[in-house]
Every structure is written in structure tokens, then in C-alpha cells.
Amino acid sequence: MPPKRKATSQTPSEGPATKKTAFEALQPSVKTEPKTEPEFETKIKSENAPDYEDPNRERLEEEYGVIQRDFYPAEMSNERCAQYNANEIPRPIEVLTQAVQKTAFARKKIEVGDAVVHWFKRDLRTKDNRALHLASEKAKSKGVPLICLFIVSPQDYRAHLTAAVRVDFELRTLRVLKDDLAAKDIPLHVETVEVRKKAPGRIIELCQSWGAKHIFCNIEYEVDELRREAKMTNTCLEKGIDFHAVHDDVVVPPGNLTTGQGKQYSVYTPWYKAWVRHLHENPTMLDEFAAPEQNPPSAREKYADIFKTTIPPAPENKKLSDEERERFKSLWPPGEHEALDRLNKFLEKKINKYKDARNIPSANSTGVISVHLSTGTLAARTAIRSARNVNTSDKLDAGNEGIKTWISEVAWRDFYKHVLAHWPYVCMSKPFKYEYTKVRWEYNDEHFARWCEGRTGFPIVDAAVRQMHSMAYMHNRCRMIVASFLAKDLLLDWRMGERYFMEHLIDGDFASNNGGWGFSASTGVDPQPYFRIFNPLLQSEKFDEQGDYIRKWLPELKDIKGKAIHDPYGRGAGKQAEKAGYPKPMVDHKVCRDRCLARYKEGLGRTTA
DNA sequence: AGGAACTTTAA
DNA sequence: TAAAGTTCC
């Protein structure tokens, strides 16, 4: 699966591997007498690494798709990042909050119309859904029907790099949701709006056609979405409609947790302590929101045409092949019932061993509910509450070690959403540490292609990428390993990897994905200092000791015995690997490590992290 | 949510 | 001499 490139201009590639000569030329003084003579398939040198001032940099960022100029024309500058941090530019979340507050009085006076609308976005469930619950309550208060709505916007999928497999999962989930709602005589209207900016207008039109005066929805924390909801709050009010956007996606809403100085936390551990304390002080925040109630029977007739419609197939730009559709259908059953089943089975059978086993990718020891959290077939609140309820303590940071650990992992999701809300420029192709924009990243087609294809010659890296291609999923430990390899070993622009993950993972979520890549590239919050560079071989030996994971995803290496599995060419199984068509390591980790340290230092203009 | 180099300690 | 601990990157 080669990377997609936008532009036609090609950078000169290195051509076929020059092996020994290249290695020797670069390392004339290395004299450690390796037992097996190292051979590497590509040279490590800077081909295409423009500095911050280089006019080529912007061109490359566009060409490699880390900035989508067609959707986001204005460049986000370091100066503007600094202005956000100095509170000189209002954050989108603040703009929305203000719009909500300013309109609150006027909206409260709006009488219930002929129906109440809930707009589904990333909350594709009926249970424990705050906005849906509020919509149902509002409808009940006047005995009018609840109508649900979902907008498919192919252009939005393009702008947000949504994976086709993720779109497929959403559409399959909508079929489950439609049936569940229909059982309560609640219609679900699904409509395709090609141009994303036209979606709000169309939603308002639909509401007017139904005589509805209330639209409920749950807030999404990306910049486009926050700005859209802020605007909708005002536009709707002008038309006599109460647009009601509420916090639900996170367990604790962003902004609730601040340091002693009233600042946003940017380091996980103190943030987590505050998060736990906040939930202990406000235990009702974990309470479940009841599913919507039965509609009046008249709704069946009144909205007969909506009940008759079916969920559309995937839009042209997000179609899977037949083979993929079948594979993913059996791997990832859709809907909230599946989500709850998975959660409960995990809590019953696996969570006790989670602490020790969670980092072993072959152990099948994690919950694998990420796709449900990201599409909202499962609320993070439901996950945390359920784990608490099976714990020996009602405290989130006490009792069973496995449960404690798992809760703190789910909390990372909240953390990264808080980060996104407070530092919105991470959503505008800037790293949290925006001064890292000055690090010179490589843009090397051959290297990127080999990473994307899982042919780097580092078995643990390749196994992980192949898992992603096969399952549209990757174990978290492996995500860190492959991300570190792209950012630190290959020194490729980490945003290329971020994008590739979004385009291939079924659970792709902007905040978590961006946060994870920022972590691995050391450009994000809670930074590991940039000199923390994963050694792929050590990671492999530590977390896939017997090589089970590697053998599973790299079947060509399945007959390689013992420790050679981690490094066939370096451990005497080179002939076997070569025969099986498995490539030599594309680079020398030690050389890469040194280059990485030098490049980060150069970019930051200093010698410490 | 590391690793390499170096130092100390136990066998 | 190897494992365990420490420090620095």
C-alpha cells in the first residue's frame, strides 16, 4: 500500500540499495567488529530536509499532505500559536461557550415545536448519551416526537482524512441504530450533503420542515466542529431554533481541570490526579443517561417516509473493495450492543491481568474498544463507570491493579481532548511544541513507502504495519514503536505518519492520534525528551519475547527459530530471510539515532531537551 | 509511555 | 563477571 501523494513532482530517490559501500562511506570509523557484517538497504543522508526559512518547506508540506491547503488556505504561523498561548486569540471552545452562554436566556424561552431533533455525530448509541437523553426529555415534556438525524458529508471525510473502513463501520452502525430507534418509533433520517459547509443550512431546513424548534447534539472538540457549532448556535437562534450543544464525549469536560495557577495541565500525571479528584468530588458525573423513551404512536405514520428509507452505501471517495468489506465486517461488528458485549467480556475475563499483559501485543489482553469510543457506540463514561462498578473500591485510583491501570488508560483519551480544546493549533498542523516546527524533517519517498508497506527490514515494525493493513487496527505498544521509527529513525515528518494512521485505522480519532504522534515525535504534550529514542530491537525483545506477534503478521518469517526472529540478518538467519523475500534492515539504527539527536538539537538551537 | 554508558554490588 | 543501579542524553 504505497503512500498517496498529491503532487506530481518527484524528489530524486536514492535508487537501488548500494549496501556495503553506502554504509562504509557513512561510517568509516565504526570499528566494533560486528559478528555478522551489517548490510543496509538504503543510505541515511539528508535528501530533502528543508529548514524553517526554506520556501520549499511549505511546498513539501502540501505535497506530502501534512497540510491540506485546499481546506485550510491560511498558514498557521508560530507567531499565531504564541498568540493562542498568550490568550490573545479566543480559542474555538471559548467562542462556542460564549455563544452558548450569550444565547442561553433567549433559547430558554423557545417553546417546543412539532418535534425535537437529535443530531447524531460521533455518539452513535442510544444508551448513556447526554444530548439524546435531553432531546427525549424535551420531546416528552410536550408529548411531541423525537426525530434523529445523521449527515454524511463526503467532503468532510476528505478534509478529516477519515479511513474508508471507519466510514464503513459508521454506516453499518447506523443500520443497527436505525432499528433500535425504530423499535421506539423514533425515525432516523440519514442524508448525504456533499459540501460540508452546507450541512448546517440543510440541518436547519430539515428542522423547519418538521416544525422542530430544538436541535440537540454532543460537542466535538476539533476546530472545524467547534466553530461550526458556535455559528449554528447563533444562526439557529435567529430562526427561532434552540441549538443545544452539550459536553458528552469526554468524562470530564475540558476546562473543568486547572492547575493551582488556573492554567491548563500539559503533563498527564498531574492532570490525571486532578481528573480523579474531580470525579470523586462529583460522582454523579459518572451516572448513566437513560436511553430515549418511546415516541407517541402517531410518529410512525407522520414520519412514515423516514422509516422507509435505508442507510446509504459508502460515498464514492470512501469505498472499500468487496474483499475488504467482508473482512472488516466480520472483524468489527457494529453498534452499541457489540460495544457493551466487548466491554463486559473484557471486564469479566481480562481486566485483572491488564496491568502486566497490556504491553504484550500477542497476548490479546486489551479491551479493543477504541473503535467504539471513537465512533461513540460506547461512551467513555460508560466504560469508566462499568470498570469502577466491578472494582473492589469505588475510587478510580484504588483497588484492583488491572482496573486502576485500565481506567488511567481510558483517561488518556480525555486528556488529549482537553489538550486539543486548549491548544487548538494542534488541529492546524502545528505541534504542541510549535518551536519544533524548526526541526528539519525528511521527505523521502522511498523511506516513507517502505514504512507504509511494512518492508523496513525491522520485523517488529513491519509486523505492526501489516497488522494495521489486515485489521485496520494496531496494538498500542506497536503504534509507539512504528511511530518512533518513522519520526526518530527515518526522521520523516511525523505528520505523514499521523495522516497514514488516520487513513488506515478503524479507530482513528484526531485527538488521540495527534497526541500519540506528538508523544512519539517528542513534539507534543507530556513530552518524552527528544532523546528518548526507541530501539526497535530492544522493544521487540522486551514486548514480543518469543516472536509470536512477528510470526503471526510476517508469515514469511514464521520458520525462523529463536531470537533470530527479532533481527534475522543480524542473527544468522539472513539466508533464510532472504529466501523468504524479507528485506534487510533499511537503515542502521545507531546511525539514525545519532542523526536524530543532531537534527533535533539543530532545530531547537540548543543542546538539551 | 527509553536507552546507552557508566558505576556499584553480589556472586 | 554479570546483574542491578545511576546518570546523562
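Keep in mind it's a predicted model, so treat the numbers as computed, not measured.

Caption draft 1: Layout of the pattern of salt bridges. Tallied over the entire structure, the rule returns 47 salt bridges. Between Arg479 and Asp507 there is a salt bridge whose closest N-O contact spans 2.8 Å. Of this pair, Arg479 sits in helix H21 (residues 476-489) while Asp507 sits in the loop between helix H22 (494-504) and helix H23 (510-520), and the two are 28 residues apart along the sequence. Taking the relative accessible area as the measure of exposure, Arg479 reaches 17% and is therefore buried. We classify Asp507 as buried; its relative accessible area is 7%. Its salt-bridge partner being Glu541, residue Arg571 comes within 2.9 Å of it at the nearest N-O pair. Here the residue Arg571 occupies a position in the loop between helix H25 (548-553) and helix H26 (574-579), and Glu541 occupies one in helix H24 (residues 536-543), the gap between them amounting to 30 residues. Overall, the relative accessible area of 22% leaves Glu541 in the partly exposed class. Among the charged side chains, a network of salt bridges with common partners joins Lys121, Arg122, Glu220, Glu222, Arg228, Glu229, Asp249, Arg413, Lys417 and Asp509.

Caption draft 2: Main features of the side chain of Ser153. Tracing the backbone through its elements, the reader meets Ser153 in the loop between strand S2 (146-152) and helix H6 (154-159). Looking at Ser153, the relative accessible area reads 6%, which means it is buried. Discounting residues that sit within four places of it in the chain, Ser153 has contacts with Val193, Glu194, Val195 and Arg196.

Caption draft 3: Focus on the protein's contact with DNA strand B. Trp412, Arg477, Met480, Asn535 and Leu538 are the nearest of the 13 residues found near DNA strand B. Within the backbone of Phe531, an N or O atom sits 3.4 Å from a base nitrogen of DNA strand B. The contact in question runs from a phosphate oxygen of DNA strand B to an N or O atom on the side chain of Gln539, over 3.1 Å. Put simply, the parts of the chain that give the surface near DNA strand B at least two residues each are helix H18 (401-422), H21 and H24.

What counts as what
- Residues numbered from 1 in each chain as written.
- Chains lettered and ligands numbered in written order.
- Predicted model: local features only at pLDDT ≥ 70, side-chain atom pairs only at ≥ 80, totals over all residues.
- Heavy atoms only, no water.
- Salt bridge = Lys/Arg side-chain N within 4 Å of Asp/Glu carboxyl O.
- Helix = DSSP H or I, 4+ residues; strand = E, 2+ residues; numbered from the N terminus.
- Buried < 20%, exposed > 50% of the residue type's maximum accessible area, 1.4 Å probe, protein only.
- Contact = heavy atoms within 4.5 Å.
- Near = heavy atom within 4 Å.
- Polar contact = N/O pair within 3.5 Å; in protein donor to acceptor, adjacent residues only side chain to side chain.

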